[in-house]
Amino acid sequence: MTEEFNVLIAGVGGTGVLTIAHILGSSALSTGLQVVQSELHGMSQRGGSVSTHLRMGTHIYGPTFPEGTGDLLVGMEPIETIRNIESVRYTGVVVFNTYEIRPLSLSILKKDYPSLDLLIQEMKQFCQNVYSIDATKIAKELGAPIVANIVLLGAAMAKGSIPIDSEIVIEEIKNTVPERFIDLNVQAFKTGFEAVSKL
Amino acid sequence: MKQILEDDVGKKTLLMGNVAIVRGAIEAGVSFASTYPGTPASEIGDTFAALSSRFGWTGYFEYSTNEAVALEAAAGASFAGVRAICSMKHVGANVAADPLFSLAYTGIDGGLVVVSADDPSCWSSQNEQDNRHYAVHAGLPMLEPSSSQDAVEMTRSAFEISEKTREPVLLRTTTRIAHTYGNVVLGPIQERKTPYFERRISRVMVPSNARPAHLRLLENLKLAKELSENSKFNKTSMSDTELGIITSGISYAYTLDALRWLDIEASILKLGMSYPLPKKMISNFIESVEKVLVVEELDPWLETQIRAIAQVNALNTPVYGKEQELLPLAFELSTKHVALALSKVTGKPLPIDYTMTNEKFETAKELLVSRPPQLCAGCPHRASFYAIKQATKGQEVYVGNDIGCYALGIAPPFHLGDWLVCMGASVGIACGTAQIVDNPVIAVIGDSTFFHAGIPALINAVQNNVNFTLVVLDNLTTAMTGHQPSPGSKLGDMRGTAIKIDELVRGCGVKDIYKTDPYKLEETIQIFEDAIKQDGPTVVIARHVCALFLDRMKRKKGIKITHSRVDPEKCEGCRTCIDEFSCVAFVWDTITNQMMIEEVLCDGCGVCINVCPCGAIYKEEAKQ
Ligand code: SF4
Ligand code: SF4
Ligand code: SF4
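Nothing here was measured: the structure is a model prediction, and the numbers come from that model.

Caption draft 1: Representation of the overall build of chain A within the structure. Check the secondary structure of chain A and you find 8 helices and 6 strands. Whereas a compact globule of 199 residues would reach a radius of gyration of roughly 16 Å, chain A reaches 16 Å, a difference of no more than 12%. The principal-axis extent of the C-alpha atoms belonging to chain A is close to 50 × 40 × 40 Å. Within the span of chain A, comprising 199 residues, buried residues form 61% of the whole.

Rendered as structure tokens:
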């Protein structure tokens, strides 16, 4: 069994970062692993950067892990991904959503959002396995931009080497979302999973 | 949520630390719970609230007006013979300190547990005070969980310790315990106690009773020390005796990770019941190892006491910690901090050379744009702040801000906040400033904070005829901490009557009271102009429901949100909207030099329509 698997999930407050952490956390519990997942609330949640450490394995204690020891970085937004890029080890994996949520400060400073190529190039300095997906676009095509996080979760399951079976994650999605949204979310997960599988 | 009430002994589940505390209290047969919401303690109250309103828990829960009242109410239940728990954030304990200290003298009947959730690194607070000092200062037995499992077990035991010692017990957590999910095995649920009210003169703290009460407290603490020496929460695990580590709370978890990371063996003394300290146990531990490292967050609280224990027992074992600057005095610890300290003590290097990665990060940093917390799209406070700015254009006004979402008004473009100190201080400090300066003085405070601590200061302003304007930003809820009910509104569950702020303010003696809906910009600007001009204390109540609360409700009910858009034909790129209103949904298009609205974020409040001088912003539906 995995001794320690460290995930950092980052994004913008209110875009479902914590939801995917909770789904993965309960899936790890169902898998029989120790789980620790740490998050911040209150002031830190109001549309600002958010990140949560999710750790699973047989030897897990601390709520967070040191930079450079992450196995997987899941980014809901490009700038937030690069903000946390130090968390992941070089041989780990980065899976991120390319959809930009422009920080207001860019508009105030009349600055451009950094180009995707440049961002990926920087990410590759820190981690050799970088996968990108426009999860928000896919979610919009499914009719609900709000499920972008679940699309990204699918992609992370496909590429992230997470020590959990996808079927278990699908079960946890079903347990988590309101009944009338189950089909939509399961479809979002599968679409995300397949979208990166070919890469 | 349902599982918190289930008598499902041995079931394994994943619980957030705060929720684990609730489970522990339920297992202990708690009858009464009270709180004033504050991050990172909020979910304790919210879980009790949900259990009683939706899951049939028959115990009593209340959101109290402030922490002092919450603690007094819990003490009242304890005096009536049942087990009670009262939770608060660390600075809430300052508000509750008055009853807290005297309750240590009166003693309790039903077990009374006081939860203080501290916030090292000030993630959501005005300071990072270390509330372990309260245990010593007031004289309260203290428990410090290191995990969610600990939180369940320690809360359960805290009630027993409280009844045995007849003292309130302090359960001290920190953000990383409170907001971390971890594995938990559920235990059996005990019966609730039958109420009894014994009339005791020992609870009447007049001087003649207070003196013997202090002696009684000292006796009770002696018993607590015996309990601590034998507590299952104080545990020694002997391994290599070259290094012994003494630690508690979340620092224990970091210590285990750091030892594994560096591949070091060390003996550990984990202090779960950290006040009164098990002095014999500590002295034996110090004696059995060659050197000691004390690992703790914030103040050298353990370290100082441990040095004293070593001195009293004439032990020469070197003790390392903050004194040698091996660990920081400010902000939360991490596995890396502990690993660095271990590395210095043992000479074993960290597995990662961070100087290399830091260099690499320098270039990545250039791509980073900061994304501080923001008022939500559609937030009524943004409209109020815009109106205050417009109404005071060209004047030097001094503005006191307060604790809540609206504290974000200190940021650009509003810069409304010349002081922000603690709950209610916007008003109290305004009372002093306005008596000295001639400039207009304004205090802005949310509805819940006003009820919590603003009222006495307003009365002071009336009594002393302070020339200032109080703005009550009434969003009908306690938004910041997760939308708990506010005494002024019927949103959420309330047993009693909603209190009308205007009537309350009138009752405080204020004559000039203005009411407005901040979404109506023009009217609100006029009202601020009038109120600020008026002599003496004036009050503006700006009332509009919290946008996030409303959006969530709409989403739940499947009501569609109609966004606003910018008409590129009409937008002249004047940037008035961005420079003066700065809604988070605004995006500046650097190619066309025009404004756009990000529809994923826009909540369709429509307030920006009246900010644009060119009439370029419109509601989506209007165009169809
Ligand atoms: S939660 Fe409500 S009050 Fe707080 S910033 Fe958002 S909209 Fe404003
Ligand atoms: S205020 Fe109106 S015209 Fe000026 S930039 Fe904004 S939308 Fe365009
Ligand atoms: S309508 Fe305007 S002010 Fe309101 S949320 Fe949308 S962009 Fe922001």
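There is more to say, and it comes next.
Caption draft 2: Fine view of the domain arrangement of chain B. Here the domain parsing of chain B yields domain 1 (2–229), domain 2 (234–354), domain 3 (380–553) and domain 4 (560–623). Placing the centre of domain 2 of chain B and that of domain 4 of chain B at their C-alpha centroids yields a distance of 56 Å.

Caption draft 3: Looking closely at the sheet that holds strand 4 (residues 70–75) of chain A. Sheet architecture is open: 8 strands sit in the order 6(A)-5(A)-4(A)-1(A)-3(A)-2(A)-8(B)-1(B), paired in mixed fashion. The open sheet has two edge strands, strand 6 (129–133) of chain A together with strand 1 (12–16) of chain B, and neither has a second partner. Along the sheet, successive strands turn relative to each other by an average axial angle of 20°, direction set aside. In the sheet, strand 4 of chain A pairs with strand 5 (residues 88–97) of chain A via 5 bridges, with the strands oriented parallel. Bridge pairing in strand 5 of chain A places A:Leu72 opposite A:Val93.

Caption draft 4: Quick peek at helix 5 (residues 132–139) of chain B. Turning to helix 5 of chain B, its buried residues number three or more, namely B:Arg132, B:Tyr134, B:Ala135, B:Ala138 and B:Gly139. Within helix 5 of chain B, the buried residues cover an arc of 155° as seen down the axis, which keeps them to one side.

Caption draft 5: How the structure looks around the pairing of strand 3 (residues 60–63) of chain B. Bridge count for strand 2 (residues 32–35) of chain B against strand 3 of chain B is 4 bridges, and the pairing is parallel. Bridged to B:Ala33 within strand 3 of chain B is B:Phe61.

Caption draft 6: Inspection of the environment of B:Met281 at higher detail. All names here are of chain B. Position of Met281 among the secondary structure elements: in helix 10 (residues 279–288). With relative accessibility at 17%, the residue Met281 sits in the buried group. With 45 residues separating them in the primary sequence, Met281 and Thr236 have C-alpha atoms 8.6 Å apart. Not counting chain neighbours up to four residues away, the residues in contact with Met281 comprise Glu229, Asn234, Lys235, Thr236 and Leu269.

Caption draft 7: Examining a positive patch on the surface more closely. Residues and elements named next belong to chain B. Taken together, the side chains of Arg54, Arg552, Arg555 and Lys556 make up a positively charged region of the molecular surface. A total of 3 residues in the positive patch trace back to one element, the largest contributor, which is helix 19 (residues 547–557). Within the fold, Arg552 resides in helix 19. On the basis of relative accessible area, Arg552 is assigned to the partly exposed category, the value being 46%.

Caption draft 8: Structural view of the site of ligand 3. Near ligand 3, the surroundings consist of 14 residues, among which B:Cys583, B:Cys602, B:Cys605, B:Gly606 and B:Cys608 are the closest. Across the shell around ligand 3, the residue classes tally to 9 nonpolar, 4 polar and 1 charged.

Caption draft 9: Geometry of the side chain of A:His53. Residue and element names in this part refer to chain A. Among the structural elements, His53 can be located in strand 3 (residues 49–57). For His53, a relative accessible area of 13% translates into the label buried. Of note is the side chain of His53, whose polar atom sits 3.3 Å from the backbone nitrogen of Phe65.

Caption draft 10: Structural detail: a nonpolar patch on the surface. All names here are of chain B. Among the surface-exposed residues, Ile201, Val204 and Val206 lie close enough to one another that they form a single nonpolar patch of about 250 Å² accessible area. Along the polypeptide, Val204 turns up in the loop between strand 8 (180–185) and helix 8 (207–229). With a relative accessible area of 39%, Val204 lands in the partly exposed category.

Caption draft 11: How the structure looks around the interface of chain A and chain B. Facing 62 residues of chain A, the contacting portion of chain B comprises 62 residues. Scanning the region where chain A abuts chain B turns up 6 salt bridges. Looking at the side of chain A that touches chain B, the elements with two or more residues in it are helix 1 (17–30), strand 2 (34–38), strand 3, helix 2 (78–83), helix 3 (104–109) and helix 4 (116–126) of chain A. Among the residues making up the side of chain A that touches chain B, the classes are represented as 24 nonpolar, 20 polar and 18 charged.

Cut-offs and rules
- Residues numbered from 1 in each chain as written.
- Chains lettered and ligands numbered in written order.
- Predicted model: local features only at pLDDT ≥ 70, side-chain atom pairs only at ≥ 80, totals over all residues.
- Heavy atoms only, no water.
- Helix = DSSP H or I, 4+ residues; strand = E, 2+ residues; numbered from the N terminus.
- Rg over C-alpha atoms; globule rule 2.2 N^0.38 Å.
- Buried < 20%, exposed > 50% of the residue type's maximum accessible area, 1.4 Å probe, protein only.
- Domains from an automatic or database assignment.
- Pairing = 2+ DSSP bridges.
- Axes fitted to C-alpha atoms, helices over the stretch in contact; angles between N-to-C directions.
- Arc of directions from axis to C-beta.
- Contact = heavy atoms within 4.5 Å.
- Patch = residues over 30% accessible without salt bridge, like charges linked within 9 Å, V, L, I, M, F, W, Y side chains within 5 Å.
- Areas by Shrake-Rupley, 256 points an atom, 1.4 Å probe, with all protein chains shown as cover.
- Salt bridge = Lys/Arg side-chain N within 4 Å of Asp/Glu carboxyl O.
- Lys, Arg positive; Asp, Glu negative; His and termini not counted.
- Charge placed at Lys NZ, Arg CZ, Asp CG, Glu CD.
- Near = heavy atom within 4 Å.
- Nonpolar A, V, L, I, M, F, W, Y, C, P; charged D, E, K, R; others polar.
- Polar contact = N/O pair within 3.5 Å; in protein donor to acceptor, adjacent residues only side chain to side chain.

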